[in-house]
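Observations on chain architecture
The lines below spell out each chain.
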Amino acid sequence: MNQNRRHRLRDAAVTVLGGAGGRGLTHRAVDAAAEVPPGTAKNYFPSRDALLRAVAERCLEQYQDLAASLAAAGPGPSDRKGLAALLAGLLRDVAGPGRPRLLAYLELQAEAARRPWLAALLDPIAAGDFAAYRSLLAGAGLAAGPEQARTLTLALHGAIPHLLAGAPATLAAAGLDDLDGFASVLLARVCPEEAR
């Protein structure tokens, strides 16, 4: 099989799932998004489960690529202010360039509630975040125990659906209409100054 075409189909499937949701993820829609002849996606991914697996694997690769690029940028922020800026930037990415990937990931999570094999494929993404945020907290000189890492990770994950939906009243109520302020307050709650 042509690996370039396979990669193109997987990227198209991420776009379709993120844009049209689980019901919109069809072989025909993937063919159209990838601009390939009808039936091509079915040749590479014969079933809907195979298509979901391809999207999950691509989302995991994208997550790993993002983690690698952050690691290649050198050590993370060395203080609270720098970490708050990094977190705000990550949240900005949710509604920006990361939007299709994150929408697809949330759709996959919903599918994973009914497909244990899919949950197992997605597990490294969320599990990796707990370790990554714990490391960032430690690098910034903040309390970095399991509780702090859990609280920070779950708060950031909880913000994602609201940022993707973009409902102004909800964003304002959650403090997500000011991402710099949100990140600073979140760190203040997770790691109070006196807890260092």
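The rules behind these values
Residues numbered from 1 in each chain as written. Predicted model: local features only at pLDDT ≥ 70, side-chain atom pairs only at ≥ 80, totals over all residues. Heavy atoms only, no water. 1 Å grid on protein atoms, 1.4 Å probe; cavity = no way out; pocket = protein on both sides within 12 Å on 5 of 7 lines; lining within 4 Å. Points joined across faces, edges and corners; volume = space filled by probe spheres on them. Helix = DSSP H or I, 4+ residues; strand = E, 2+ residues; numbered from the N terminus. Nonpolar A, V, L, I, M, F, W, Y, C, P; charged D, E, K, R; others polar. Buried < 20%, exposed > 50% of the residue type's maximum accessible area, 1.4 Å probe, protein only. Arc of directions from axis to C-beta. Contact = heavy atoms within 4.5 Å. Axes fitted to C-alpha atoms, helices over the stretch in contact; angles between N-to-C directions. Parallel < 35°, antiparallel > 145°, perpendicular 65-115°, else oblique. Left-handed = near helix turned anticlockwise from the far one by under 90°.

**A look at the layout of surface pockets**
Volume-wise, the largest pocket comes out at about 790 Å³. As for the largest pocket, its lining consists of 33 residues, and the residues nearest its centre are Leu-66, Leu-70, Leu-90, Asp-129 and Tyr-133. Where the lining of the largest pocket is concerned, the elements lending two or more residues are helix H4 (48–72), helix H5 (80–95), helix H6 (99–112), helix H7 (116–139) and helix H8 (146–165). Broken down by class, the residue content of the lining of the largest pocket amounts to 24 nonpolar, six polar and three charged.

**What about helix H2 (residues 27–34)?**
Buried within H2 are the following residues: His-27, Val-30, Asp-31 and Ala-34. Down the axis of H2, the buried set is contained in an arc of 105°. They therefore lie on one face. Projecting away from the buried face of H2 at angles above 90 degrees are the exposed residues Arg-28 and Ala-32. Buried residues along H2 sit in contact with helix H1 (3–24), helix H3 (40–44) and H4. With its phi angle positive at about 55°, Glu-35 sits one or two positions after the end of H2.

**Some points on the packing of H6 against H7**
Orientation of H6 relative to H7, taken along the N-to-C sense of each, is 135°, at an axis distance of 8 Å. The pairing of H6 with H7 is recorded here as oblique in orientation. For the element pair H6 and H7, the recorded crossing hand is left-handed. On the side of H6, the interface is formed by Tyr-105, Leu-108, Gln-109, Glu-111 and Ala-112, while H7 contributes Pro-116, Leu-118, Ala-119, Leu-122, Ile-125 and Ala-126. Across the contact of H6 with H7, the residue classes break down as nine nonpolar, one polar and one charged.

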